Amino acid sequence: MEEKKNNKFTYREVNEDVINFMTKTGPLYYIILAVMGVSAVTLFFLPWLYQVYVGQGVTGLNVPVLWGVYLVNFVFWVGIAHAGTLISAMLYITKTPWRRAVARGAETMTLFAIVLVGLFVFTHMGRPWNLYWTIPYPNHRRLWTSFQSPLTFDVFAISTYLTSSAIFLYFGMIPDLASLKHHATGWRKHLYSILSLGWRGTDRQWHVQGRATMFFSSFVLPLVVSVHSIVAWDFALSIVPGYSKTIFAPYFVTGALLSGFAGVVIMLSVLRWACPVFKKYITEMHYDRMGLVMLFISLVWSYLTAMEVITGLYADNTFEWEHIKYKILSTPSMQLFILMIFSNTLLPLVLMVKKVRNCAVSMFAVSLFVLIGMWLERYLIVPNALSRKFLPWMWRDYCPSWVEVSITAGAVLFFATMFMASIKIFPVISIFEVKEDAGIPMEKEGH
C-alpha cells in the first residue's frame, strides 16, 4: 500500500484501521506469538531456574569480575526505555507534530523495557528470594539500606520511572479506549468501558486531559536524565579504573537516547512491514526526523566516547593505561571496540543524506547496527574494567556462559512477545492525536 500524501485520511478511516488491526488477526500471528512466547520461556526462564537451583557458578562471573552480562543488559534496557519518554514528554512540551503517530508505540516500548530492567536485577541476584533484606523497613536484624549508595538510588528512580510511565501511557490512552468501546464487541467492549472511566469527550474533560498530560510530561522528563545518570553513578562513584569518570552521567544518558531511538525505528519498521495500513500514518517524514535526531545524538556520543579515552590517558597513571590497553589494544576487546565505533560513529554519518533517512530499509539497518554497538559499549565498560583492576595477580578475563547468552536472547524474545500481545489489546497508535493531523472534518463544506 502506498503512503498517502499530506496525511489526508478521515476520522472514520483512523478508527477502522486501528480496530481492524486489533481485532482481525490471522492464524499466522498467533503461531508467531506462540513460538516467540515458548522460545522466551525456554531461553530466559528455564536457564534462570537452572541458575537459581545450581548457583551463580553456571555463569561466567568470577573474582574480580562480579558484574557481567546481566548488568550490561540492565543498563542496555534502561536505555531502550528512554526514547519513549523523550518522544512523549519533550516533544509534547515543544508541540512537535510528528510525535503523534509514533508516541504511543514508543511509550509501550518504555513500559516493557522497564519490566525487563527489573527482571535483570533479579537474575543478577544469586538468591532473589532474599530481596526483602534490601527493603528499608524496621526489622530485628538491624539490616538497613545505605541511602548514600547509588544502588539504592536505582531502586527509587526505576520504580518511580515504571510507575509514572505506566500512568502516563494509560492516561493518554483513555480517549482512545472510549472511542474503541463503541466499535468493539464482547470482552473488548466491557474492558474498554471500564478503562475509559466514563470519558464522554466534553470540553471540560479535554481541558483536564491536556493540562494533566502537560503536567505528566513535565514530571516525567527529568527522569530521562536522572534515571540513567544514577545508573552511571553506580560505576562513576567507584575507584575502579575505567569506572571512575566524571563524564559518565552525560555519556550514559546520550547512549541511552541513541539506543532508544534506534529501538523505536526498528519497532516502527516492523509495524509497517507486518501491517501495511500503518504506512499512511508512519511516513517518510517520521523516518527523516528520527534520523536527524539519531545523527545529532551519535555525534554527541562520539565526542563523549573520545573524552572517555582521552581523560583516561590524561590521568597518566598505570591503572588507567592498563585498562585502556586492555579495552582497545587487546583481543577480542579491540575487535569489539572497532565494531562499536563503526556502528555508533561511522555508520550513522550516512544519515546526513536525506534519501537514506527517508528509506525504511536503510533506517532499519542503521538502527540495528546502533543497537548492537550500544550493547557492545555497555559490555566494554561493565566487565572489562573489572578484569583489569589494581592488582595484576587478580587479573582475570571474563567470558559469558551459555546461561547468560540464553537469558540475553530470551529477554529480547520476551520483550517482543509482550509487545505483540499488547498491541492486539490496546491501540499502538494514538487515535485522537493522529486525527489532529487530518484536520477539521468536512472542510470542503466550509466547516
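Since the model is a prediction, treat every value here as computed from it, not as a measurement.

Trainee: Would you take a moment to explain the pattern of salt bridges for this structure?
Mentor: Opposite charge on two side chains allows them to pair when their charged atoms are near. Across all of its chains, the model carries eleven salt bridges by this definition. Here E308 makes a salt bridge to K327, at a shortest N to O gap of 3.2 Å. On the criterion of sequence distance, the pair formed by E308 in helix α10 (residues 284-315) and K327 in helix α11 (residues 318-329) is long-range, its members being 19 residues apart. By the burial criterion, E308 is buried, and K327 matches it. Connected via shared salt-bridge partners are E13, D17 and K280.

Trainee: What exactly am I supposed to notice about a nonpolar patch on the surface here?
Mentor: Where nonpolar side chains cluster on the molecular surface, the patch consists of V270, W273, L299, L339, F342, L346, L349, M352, F364, L368, F369 and I372 and spans about 1,100 Å² of accessible area. Only α9 (248-274), α12 (333-346) and α14 (360-387) provide two or more residues apiece to the nonpolar patch. No other element matches the four residues that α14 contributes to the nonpolar patch. As for its position among the elements, F369 is in helix α14. Accessibility expressed as a relative area gives 33% for F369, which makes it partly exposed.

Trainee: How should the environment of L368 be read in this particular structure?
Mentor: Assignment of secondary structure puts L368 in helix α14. In sequence terms L368 and A262 are 106 residues apart; their C-alpha atoms lie 7.0 Å from each other.

Trainee: Where do I start with the nonpolar core in this structure?
Mentor: In globular proteins that are soluble, nonpolar side chains generally tend to be buried together. Counting 124 residues, the largest nonpolar core has W77 and F278 as the members making the most contacts within it. Residue contributions to this core peak at 14 residues, all from α9. Excluding residues within four positions of it along the chain, F278 makes contact with F21, L271, V428 and I429.

Trainee: I'm lost on helix α3 (residues 69-80) in this one. Help?
Mentor: Between its first and last C-alpha atoms α3 spans 16 Å; for twelve residues at 1.5 Å apiece the expected length is 16 Å, and the two agree. Burial of α3 is extensive: twelve of the twelve residues sit out of reach of the surface.

Trainee: Explanation requested: the packing of α10 against α11 in the structure shown.
Mentor: How two helices sit against one another is set out by the angle between their axes and by the gap between those axes. Packing of α10 against α11 leaves a shortest axis separation of 8 Å and a crossing angle of 145°. Pair α10 / α11 crosses with left-handed handedness. Here E308, V309, G312, L313 and A315 of α10 lie close against α11, whose contacting residues are E320, W321, I324, K327 and I328. Of the residues contributing to the contact of α10 with α11, the split by class is six nonpolar, one polar and three charged.

Trainee: Sorry if this is basic, but what is going on with the side chain of S269 here?
Mentor: Summarising the element assignment, S269 is placed in helix α9. Among the polar contacts made by the side chain of S269, one reaches the main-chain carbonyl oxygen of V265 at a distance of 2.8 Å. Excluding residues that lie within four positions of it along the chain, S269 makes contacts with Y287, A360 and F364.

Calculation notes
Residues numbered from 1 in each chain as written. Predicted model: local features only at pLDDT ≥ 70, side-chain atom pairs only at ≥ 80, totals over all residues. Heavy atoms only, no water. Salt bridge = Lys/Arg side-chain N within 4 Å of Asp/Glu carboxyl O. Helix = DSSP H or I, 4+ residues; strand = E, 2+ residues; numbered from the N terminus. Buried < 20%, exposed > 50% of the residue type's maximum accessible area, 1.4 Å probe, protein only. Patch = residues over 30% accessible without salt bridge, like charges linked within 9 Å, V, L, I, M, F, W, Y side chains within 5 Å. Areas by Shrake-Rupley, 256 points an atom, 1.4 Å probe, with all protein chains shown as cover. Core = buried A, V, L, I, M, F, W, Y, C linked by side-chain atoms within 4.5 Å. Contact = heavy atoms within 4.5 Å. Expected span 1.5 Å × (residues − 1). Axes fitted to C-alpha atoms, helices over the stretch in contact; angles between N-to-C directions. Left-handed = near helix turned anticlockwise from the far one by under 90°. Nonpolar A, V, L, I, M, F, W, Y, C, P; charged D, E, K, R; others polar. Polar contact = N/O pair within 3.5 Å; in protein donor to acceptor, adjacent residues only side chain to side chain.

None of this, on its own, says anything about what the molecule does.
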